[in-house]
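Analysis of the macromolecular model
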Amino acid sequence: YTNLNTLSLHDALPIWRQLYDKALSGETFTEIIENTFTSAKIEYTFNPIVNEQLQVVGVTTRGKDITQHLNYEIELQETANFIETLREAIPCLIYQFNRNTGRLTYMNSFFKELIGVKKEEINLIPNKIFSFIHPEDLHLIDYLNIERENGNGKKIVSEMRLRDKTGAYRWINLHEIGLVK
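Read on for an overview of the structure. Residue indices begin from 1 for each chain and proceed along its sequence in written order. Selection of residues for local features in this predicted model requires a pLDDT of at least 70, selection of side-chain atom pairs for listing and counting requires 80 or more, and totals for whole chains, interfaces and linings are taken over all residues. Only hydrogens and water are set aside; all other atoms, that is, all heavy atoms of the structure, feed into the side-chain values.

**Description of the pattern of salt bridges**
Whenever a carboxyl oxygen of Asp or Glu lies within 4 Å of a side-chain nitrogen of Lys or Arg, that contact is scored as a salt bridge. Going through the model one piece at a time under the given rule, you end up with seven salt bridges. Arg17 is paired through a salt bridge with Asp21; the nearest N and O atoms lie 3.1 Å apart. Of this pair, Arg17 and Asp21 both sit in helix α1 (residues 9-24), four residues apart, which is roughly one turn of the helix. Burial classes: relative accessible area under 20% of the type maximum marks a residue as buried, over 50% as exposed, and values in between as partly exposed (1.4 Å probe, protein chains only). Of the residues examined, Arg17 reaches a relative accessible area of 46% and is grouped as partly exposed. The shortest N-O distance in the salt bridge between Arg87 and Glu84 comes to 2.5 Å. Here the residue Arg87 and the residue Glu84 both occupy positions in helix α2 (residues 67-89), the gap between them amounting to three residues, near one helical turn. Here a strand is any run of E in DSSP of at least two residues, a helix any run of H or I of at least four, and the numbering for each starts at the N terminus.

Here it is as structure tokens:
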């Protein structure tokens, strides 16, 4: 960010001149300038004006207030950080599976600790996650997929056996929410 409002007009003019000259050199670019009096952040786009002989003869400048957009980005990142903290703090298996690729897109540390394998290792082979499910419980996967498809946000409760890092099967109570993108 360039903050010109803390500068005197005398000190700010050379910075504007520098931006203008940069555009006069033929470069198109954007610069975010913050107004400290209003806390507004304005994104200025500088474009050279070129004549028929391909000579730069001037500059157009367009300003757009992006304050609200940047504030939304900050809120979104804070929310993502909060959700990640929850996903790691809750002693439950939390995962996200992409049926199209047969790979996990997310698994929390509790899941990793239980099965003793990192997501990257599981994802080397599509659908390898199913090898951790007891063979007699694999039919539940089709049922769960159908239930997920039938209702976005519908809570699904079931039980299945999952192989842990010792090779033993443990009964897992599944409380899933099917979210279809």
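And the narrative resumes.
**Quick notes on the sheet that holds strand β3 (residues 56-65)**
Being paired, for any two strands, means DSSP has found at least two bridges between them. Taken in spatial order, the three strands make up an open sheet running β1-β2-β3, and their pairing is antiparallel. Only two strands of the sheet have a single partner each, and these edge strands are β1 (29-35) and β3. With strand direction ignored, the average angle separating the axes of adjacent strands in the sheet is 25°. Bridging between β1 and strand β2 (residues 40-50) involves seven bridges; their strand directions are antiparallel. Bridging from a neighbouring strand, Ile33 pairs with Ile42 of β2. Here, axes are lines fitted to C-alpha atoms. For helices the fit covers the stretch in contact, and angles between N-to-C directions go from 0 to 180 degrees.

Function-wise, these values are silent; they only describe arrangement.
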